[in-house]
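Structural description and commentary
The chain contents come next:
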Amino acid sequence: MMKKAKVAILIGSSSDLPLTKEGIGVLQKLNIPFDLHVLSAHRTPEAVLSYVKKSPKKGIRVFIVGAGMAAHLGGVVAAHTLNPVIGVPIDSKLDGLDALLSTVQMPKGIPVATVTIGKTGFINASLLAAEILALSDGRLFRNLKKFRQEMTKGILRADKKIDRTML
Ligand code: RP5
């Protein structure tokens, strides 16, 4: 049987870890296996290359890569794989603008699909990874649809609960 498609979550430092929690929650809710590692484009360049080289054997299909400051990890990973790379800029300095620009401004030929800065970025990156995997996984597609419907219902419930007498 073919291995279940996995998502790699790579972060540039253990200080980024708390921001990944809710995104990981999304993957878990959708029953998507993941592989989480701290790897740095600048501080562990050989380890990054070795991980990406081994990733097909591990069943990795999509990479979620979070890094702050001069955030090169997403670009370096993308340079070594043809699998989709989703970059999450991290707000460790300059409100994350440094990382946003470093992640989004890839030169032509090597794309990194960049999402929102920080915690929301990891949530959206997980959903985007799920959408990519759902293109070839009907069950995941149906689960994603349910996820979206639940979110819609939640917003409508919140609308009903607003105390308009206070306005
Ligand atoms: C980046 O530098 C990391 O992704 C982190 O966001 C930032 C700061 O790293 P530490 O100094 O906390 O290790 O590489």
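All of these numbers come straight from a predicted model, not from anything done at the bench. (Residues numbered from 1 in each chain as written. Predicted model: local features only at pLDDT ≥ 70, side-chain atom pairs only at ≥ 80, totals over all residues. Heavy atoms only, no water.)

1. Here's the deal with the environment of Gly 12
- Inspection of the secondary structure puts Gly 12 in the loop between strand 1 (6-11) and helix 1 (21-29).
- Through-space distance from the C-alpha of Gly 12 to that of Ala 134 is 27 Å; in sequence the pair is 122 residues apart.
- For Gly 12, the residues in contact, after removing those within four places along its chain, are Val 38, Leu 39, Ser 40, Arg 43, Gly 66 and Leu 73. (Helix = DSSP H or I, 4+ residues; strand = E, 2+ residues; numbered from the N terminus. Contact = heavy atoms within 4.5 Å.)

2. Observations concerning the site of the ligand
- Near the ligand you find Gly 12, Ser 13, Ser 15, Asp 16, Arg 43, Ala 67, Gly 68, Met 69, Ile 90 and Ser 92, and these make up its full shell.
- One of the side-chain nitrogen or oxygen atoms of Asp 16 is found 2.6 Å away from an oxygen atom of the ligand.
- Between Ser 92 and the ligand, the recorded distance is 3.4 Å, taken from a side-chain N or O atom to an oxygen atom.
- If the ligand stood free it would expose 360 Å²; the protein chains cover 73% of that surface. (Near = heavy atom within 4 Å. Polar contact = N/O pair within 3.5 Å; in protein donor to acceptor, adjacent residues only side chain to side chain. Areas by Shrake-Rupley, 256 points an atom, 1.4 Å probe, with all protein chains shown as cover.)

3. Observations regarding the side chain of Asp 35
- Topologically, Asp 35 is positioned in strand 2 (residues 34-38).
- Judged by its relative accessible area of 15%, Asp 35 falls in the buried class.
- Non-local contacts of Asp 35, meaning those with residues more than four positions away in its chain, are made with Lys 6, Val 7, Ala 8, Ile 9, Tyr 51, Lys 58 and Ile 60. (Buried < 20%, exposed > 50% of the residue type's maximum accessible area, 1.4 Å probe, protein only.)

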